[in-house]
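Okay, here's what each chain looks like letter by letter:
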Amino acid sequence: MWVEKRTADGRGGSKRRREILDVAVKLLAKHGYHGVSMDDIGAAASITGPALYHHFKGGKEQMLADALIPVSERLLAGGRHWASVHSEDPQSALEALVDFHLEVVIDSPEIVILHLHELDRLPEEPRREVRKLQRVYVEEWVGVLCRLRDGLKPEQARVLAHGAFGLMNSTPYLSLGQEVSADETAALLRAAALRALDPG
């Protein structure tokens, strides 16, 4: 699973810190923010309470921020990259954006759950940062869609983009690898998202 590669001040965290955060993300996604205590996280990560707070002075709020902010930054960086690489070919740009988004959500299903259900648990400042990153990411999609579809208004493109996100962000609720393989799921959702993004 992909989790943060930096500390709250922007510097790379230790391997042990990332391991603890990985454990925390899985527990928070499975049981919910209020269903998990710092003691639960410490026990699952085989670390004592004081040592846990040494890594995460802000407790669960910091853990949540350290998981959600970097993945939002990753999405924005990837969105900008693929829109730029295919700046002269909006259809290829759109397909690359869909592929990239699916790669992230299939790789990090627990992070998607936290985004969808626990974002409001963040303090105001990191919550505002995540929402800003998300808005700018959406605008990368809007720009590509408006270049691709003549006459499509930005507000209409945002509706289409969010609809496609809803399809692609459903992956955490699927039994990947059980009834349908992860690769087949990605292919099915890719086709569905591209159809949803075509206003006809």
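See the structure shown above.
A quick note: this is a predicted structure, and the numbers were derived from the prediction, not measured. Note on numbering: residues in each chain are counted from 1, in written sequence order. Confidence filtering applies because this is a predicted model: local features only for residues at pLDDT of at least 70, side-chain atom pairs given and counted only at 80 or more, and all residues used for totals across whole chains, interfaces and linings. Each side-chain value is worked out from all heavy atoms of the structure, with water and hydrogens disregarded.

A. Up close: the nonpolar core. Take the buried Ala, Val, Leu, Ile, Met, Phe, Trp, Tyr and Cys residues and link them wherever side-chain atoms come within 4.5 Å; each set so joined is a nonpolar core. Only protein chains enter the accessibility calculation, which uses a 1.4 Å probe. A residue is then buried if its area is under 20% of the maximum for its type, exposed if over 50%, and partly exposed in between. Counting residues in each nonpolar core, the largest one holds 59 residues, and the members touching the most others are Ile 41, Met 63 and Trp 141. Helix numbering and strand numbering both begin at the N terminus, where a helix is a DSSP run of H or I of at least 4 residues and a strand a DSSP run of E of at least 2. Residue assignment for this core shows that the elements contributing at least two residues are helix H1 (15-31), helix H2 (38-44), helix H4 (59-85), helix H5 (90-107), helix H6 (109-118), helix H7 (124-148), helix H8 (154-168) and helix H9 (182-196). At 10 residues, H4 tops the list of elements feeding residues into this core. We call two residues in contact whenever any of their non-hydrogen atoms come within 4.5 Å of each other. Once residues lying within four places of it in the same chain are set aside, the contact partners of Met 63 are Ile 20, Leu 21, Ala 24, Met 38, Ile 41, Leu 52 and Phe 56.

B. Quick look at the packing of H7 against H8. Under this scheme, a helix contributes an axis fitted over its contacting stretch, all axes are lines through C-alpha atoms, and angles between N-to-C directions fall in the 0 to 180 degree range. Close contact between H7 and H8 brings their axes to 9 Å; oriented N to C, the two are set at 115 degrees. Considering only the axes of H7 and H8, their crossing is right-handed. In this structure, H7 uses Tyr 137, Val 138, Glu 139, Trp 141, Val 142, Leu 145 and Cys 146 to contact H8, whose residues at the interface are Pro 154, Ala 157, Arg 158, Leu 160, Ala 161, His 162, Phe 165 and Met 168. When residues are sorted by character, Ala, Val, Leu, Ile, Met, Phe, Trp, Tyr, Cys and Pro go into the nonpolar class, Asp, Glu, Lys and Arg into the charged class, and all the rest, Gly among them, into the polar class. In terms of residue class, the contact of H7 with H8 is built from 12 nonpolar, 1 polar and 2 charged. Crossing chirality is assigned from the near helix's rotation relative to the far helix, an anticlockwise turn below a right angle marking it left-handed and a clockwise turn marking it right-handed.

C. Structural detail: the environment of Ser 170. Considering the arrangement of structural elements, one finds Ser 170 in the loop between H8 and H9. Separated by 85 residues in the primary sequence, Ser 170 and Val 85 place their C-alpha atoms 27 Å from one another. Counted as a polar contact is a pair of N or O atoms within 3.5 Å, where, for protein atoms, one must be capable of donating a hydrogen and the other of accepting one, and residues adjacent in sequence contribute only when both atoms are in side chains. Within the structure, Ser 170 has its side chain in polar contact with the backbone oxygen of Leu 167 (distance 2.6 Å).

D. Structural context of H9. The span you would expect from a helix comes to 1.5 Å times its residue count less one. Between its first and last C-alpha, H9 extends 21 Å over 15 residues, near the 21 Å set by a 1.5 Å rise per residue. Looking at H9, one finds that the buried residues are Thr 185, Leu 189, Ala 192, Ala 193 and Leu 194. For H9, the elements touching its buried residues are H5 and H8.

E. Molecular detail of the packing of aromatic side chains. Two rings from Phe, Tyr or Trp (for Trp, the six-membered ring) form a pair when their centres sit within 6.5 Å of each other. Planes less than 30 degrees apart are called stacked, planes more than 60 degrees apart edge-to-face, and all others tilted. Here the structure, examined in full by the defined rule, presents 3 aromatic pairs. On the numbers, 6.2 Å between centres and 80 degrees between planes, the contact of Tyr 137 with Trp 141 is edge-to-face. Of this pair, Tyr 137 and Trp 141 both sit in helix H7, 4 residues apart, roughly one helical turn. Assessed through its relative accessible area of 4%, Tyr 137 is described here as buried. Judged by its relative accessible area of 0%, Trp 141 is buried. With a centroid separation of 5.7 Å and 10 degrees between ring planes, the pair formed by Tyr 137 and Phe 165 is classed as stacked. Of this pair, Tyr 137 sits in helix H7 while Phe 165 sits in helix H8, and the two are 28 residues apart along the sequence. Residue class for Phe 165 comes out buried when judged on its relative accessible area of 8%.

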